Amino acid sequence: MRARYPDLEGYIERDGVRIFYEVFGQGEPTFVLLPIWSLLHSRAWKAQVPYLARHGRVITMDGPGNGRSDRPADVAAYADAAIAADVLAVLDATGTERALLVALSRGARWALLLAAEHTERVAGVVFIGPALPLPPLGTPRDAAVMAFDQPLPGPLAGIEGWGKWNRDYWLHDYRGFVEWFCAQIFTEAHSTKQIEDSVGWALETTPETLVATVTGPDQITGQKTVRELAKRVRCPVLVIHGDQDAVVPYERGATLAELTGGVLMTIANGGHCPQARDPVRVNLLLREFARPTPARTLTWTRGHGRRTRALYISSPIGLGHAQRDVAIAGELRKLRPELEIDWLAQHPVTVVLERHGERIHPASAQLANESRHIESESAEHDLHAFQALRRMDEILVANFMLFHDVVREGQYDLVIGDESWEVDYFLHENPEEKRAAYAWLTDFVGYLPMAEGGAPEAALTADYNTEMLEQIERYPRVRDRAIFVGDAEDIVPGTFGPDLPDIRTWTERHYDFAGYITGFDPAELANRAALRAELGYRPDEQVCLVAVGGSGVGHHLLRRVLLAYPAARRQVPGLRMIIVSGPRIDPASLPAVDGVEVRAYVPDLYRHLAACDLAVVQGGLTTAMELTANRRPFLYFPLKQHFEQNFHVRHRLQRYGAGRCMDYDTATPQLIAVAIAEEIGRTVNYRPVASDGAARAAALIAEIL
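Residues numbered from 1 in each chain as written. Predicted model: local features only at pLDDT ≥ 70, side-chain atom pairs only at ≥ 80, totals over all residues. Heavy atoms only, no water.

## A closer look at the overall build of the protein
Next, step 1: Scanning the protein from N- to C-terminus turns up 27 helices and 21 strands.
Next, step 2: Relative to its length of 705 residues, the protein is compact, with a C-alpha radius of gyration of 29 Å against a globular reference of 27 Å.
Next, step 3: With the C-alpha coordinates of the protein rotated into their principal frame, the extents come out at 90 × 65 × 50 Å.
Next, step 4: For the protein, with 705 residues in total, the buried portion stands at 61%.
Next, step 5: Within the protein, residue pairs in contact and separated by at least 24 positions form 74% of the contacts whose partners lie at least 6 positions apart.
Next, step 6: About 27,100 Å² of surface is accessible on the protein, with carbon and sulfur atoms providing 50% of the total.
Next, step 7: In the protein, which carries 73 positive and 91 negative side-chain charges, the distance between the mean positions of the two groups comes to 3 Å. (Helix = DSSP H or I, 4+ residues; strand = E, 2+ residues; numbered from the N terminus. Rg over C-alpha atoms; globule rule 2.2 N^0.38 Å. Buried < 20%, exposed > 50% of the residue type's maximum accessible area, 1.4 Å probe, protein only. Contact = heavy atoms within 4.5 Å. Areas by Shrake-Rupley, 256 points an atom, 1.4 Å probe, with all protein chains shown as cover. Lys, Arg positive; Asp, Glu negative; His and termini not counted. Charge placed at Lys NZ, Arg CZ, Asp CG, Glu CD.)

Okay, structure coming up:
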């Protein structure tokens, strides 16, 4: 799922070749994110589009040979002048008189041509890792370019490094070249996702197409041409270049900045594509480069006259975070009555917040929807949570950039992030952007591989864990308070990966423990007879409540339990079953079963869970722990490939002696019916759940205000 979809899309056609473009946002300035090389298409700009489109208008286009553009065989379509003409045609088609050009790698050739020869259309140029024939010359890449058409000196298996920049190699082992070259693009550690993306995009074209892109006629034929064109550039220029770029030597970017009179921004320790690997820094550079003189009235309040303000970010993946966060906020206000809290949140969390009278920041409407992404990643009771989080990368960048703007303009004293992964990750990657005291909460620590993923997934999770550990060790000042929602015993046994620390030992060193946070006091619900009467449940009926949380992932489990109801009712005469579909599943999408009530969102669901005789739930932590706190029997079905539900949540429930875990794949409706009959109304002996977690968490947070 994309973080932002285009407002307009279309094609231009020149010389029989169709070129695809997209337009996002409106107003000024207009950013044109140029084609890169036919190895990659315009999705390589995915981390820039949402942010820039909130501050102007953005045009992207797939160059010939990849994406949704044609793949012409004629090498003339890939000439510098031809692609520059394609850009002009897109500007005309979108009614763009003047634009800021952003060029990456080979795109620098076309940006330079346009800035020199069409000065009236170009308001400024940002060159990123410009692939231009400038000193130093004679690099291994230059030698490979010169030898591109020469026969291979030996078998493919013996060809290494830039020797793979060869026509025959591309035609016989295109994937081998792509995987090697994309690894050169990202010299930074922990770049597995960026490399994976680039390989996938590169495989959307063909080796024959790529050969055509480097054998066609070029207008920029050498250093002399570049220097002549650079002299004619009159617009502002910014050059961004990583000093560890393994594709284009850093010195070439420095030379281009000097020739154009532009500003050179060095990404220390950076590789060839900082727009993907360091998107926050690049986004801010682009915004600052384009920033016009403010046309609005600005206000700055002196510190002495400011109110005490907090920004609270509550994870939208499930409703459990909202319940506990509201409870923490309430306890925090008891300690600091003057504190004003704004919430940066999205549906379905906003449903809970609005019901409690909380103030939702207007910018929340611009958040890219994480719950919808998670649902798009799910299959039948199957959600590979780790991979879904990886593929949510552009959404996380977009939402961090929104957070960045809100905090920059809001003069907040405190930021609280409950599993706000984007805030935590990018603050550690950009610690200079921290503007307020920061408290981080989570109820699990560590990505764990599923057995089905084998060695590759184990390596990936270990790499992600390693990056997190390095961030915390390098910048401990970013988190002013890290709070684990639970006890030390709730942490799963084992390590973060081979040769990595023990998870529990490391967490005890870096976190404070608040105990579990239910968001309510179970003692207030101890009189079940009165509670049942209040909620409309008769004393003599057996009530089975089925709920799958705030996302739409649980649709298949609801249908399976519905199929089990007739058999369950035969074994439990008079069984009353209530299906709570949640805010993101349409009750009308479920089959009607005689005797089963289907309700949409139910406020204060925990009270109904406390009143029921049995619950059937997914493997999420919040609902399961609410049932544990209220000492209710329940069946739970962890989602397949969901590492958190299968490892972290299950470990915690086993420690409390709570619930009966069932496997969705083997749980036929008949088996579910039997389990319902065996568990309903059963007296349980769970470990007690503490009721002061919210107060403990609030006290820890109040200390950093």
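## Section: the state of the cysteines
Next, step 1: Within the structure shown, the criterion is met by zero disulfides.
Next, step 2: Cys544 supplies the cysteine sulfur nearest to Cys612, a cysteine that is in no disulfide, at a spacing of 7.4 Å. (Disulfide = S-S within 2.5 Å.)

## Some details on the side chain of Asp490
Next, step 1: Mapped onto the fold, Asp490 is located in the loop between β14 (481–484) and α20 (503–510).
Next, step 2: Asp490 gets classed as buried once you look at its relative accessible area, which sits at 2%.
Next, step 3: Separated by 2.8 Å, the side chain of Asp490 and the backbone nitrogen of Asp487 make a polar contact.
Next, step 4: If near-sequence neighbours (up to four positions away) are discounted, Asp490 is found in contact with Phe484, His651, Arg652, Arg655 and Tyr656. (Polar contact = N/O pair within 3.5 Å; in protein donor to acceptor, adjacent residues only side chain to side chain.)

## Some thoughts on unusual backbone geometry
Next, step 1: Residue Pro29 follows Glu28 across a cis peptide bond; omega there is 0°.
Next, step 2: Its place among the elements puts Pro29 in the loop between β2 (17–25) and β3 (30–33).
Next, step 3: At the junction of His347 and Pro348, the peptide bond is cis and its omega measures out at 10° in the coordinates.
Next, step 4: Mapped onto the elements of the fold, Pro348 is located in the loop between β10 (340–344) and α14 (349–355).
Next, step 5: One non-glycine residue, Asp15, adopts positive backbone phi at about 50°.
Next, step 6: Considering the arrangement of structural elements, one finds Asp15 in the loop between β1 (8–14) and β2.
Next, step 7: Residue Gln641 is not a glycine yet carries a positive backbone phi of 65°.
Next, step 8: Positionally, Gln641 belongs in the loop between β20 (634–637) and α25 (643–656).
Next, step 9: Overall, the relative accessible area of 22% leaves Gln641 in the partly exposed class.

## So, the sheet that holds strand β17 (residues 576–580)
Two strands in a sheet stick together by hydrogen bonds in their backbones, pointing the same way (parallel) or opposite ways (antiparallel).
Next, step 1: One open sheet holds the six strands; their spatial order is β18-β17-β16-β19-β20-β21, and the pairing between them is parallel. With partners counted over all chains shown, the strands left at the sheet margins are β18 (596–599) and β21 (660–661), one partner each.
Next, step 2: Here β17 runs beside β18; their pairing, made up of four bridges, is parallel. Paired with Ile578 across the bridge in β18 is Glu597.
Next, step 3: Each of β19 (614–618), β20 and β21 touches α25; the most contacted strand, β20, lies at about 160° to it. (Pairing = 2+ DSSP bridges. Axes fitted to C-alpha atoms, helices over the stretch in contact; angles between N-to-C directions.)

## Considering the packing of helix α13 (residues 320–335) against helix α27 (residues 693–702)
Next, step 1: Closest axis-to-axis distance for the α13/α27 pair is 8 Å, and the angle between their directions is 55°. If you check the angle between α13 and α27, you find them oblique. Read as a crossing pair, α13 and α27 show a hand that is right-handed. In this structure, α13 contributes Ala327, Ile328, Glu331, Leu332 and Leu335 to the contact, and α27 contributes Ala694, Ala695, Ala697, Ala698, Ala699, Ile701 and Ala702.
Next, step 2: Per-class residue counts for the contact of α13 with α27 are eleven nonpolar, no polar and one charged. (Parallel < 35°, antiparallel > 145°, perpendicular 65-115°, else oblique. Left-handed = near helix turned anticlockwise from the far one by under 90°. Nonpolar A, V, L, I, M, F, W, Y, C, P; charged D, E, K, R; others polar.)

## A word on the sheet that holds strand β6 (residues 122–128)
Next, step 1: Strand order in the open sheet formed by eight strands is β1-β2-β4-β3-β5-β6-β7-β8, with mixed pairing between adjacent strands. The open sheet has two edge strands, β1 and β8 (263–267), and neither has a second partner. Here the average twist between neighbouring strands, direction ignored, is 20°.
Next, step 2: In this structure, β3 lies alongside strand β4 (residues 57–61), joined through four bridges in parallel fashion. Note on β4: the bridge partner recorded for Leu33 is Thr60.
Next, step 3: Seen against the sheet, helix α10 (residues 250–260) touches β6, β7 (237–242) and β8 and runs at an angle of roughly 170° to β7.
Next, step 4: Sheet strands in contact with helix α12 (residues 279–290) are β3, β5 (99–104), β6, β7 and β8, and its direction is about 160° off that of β6.

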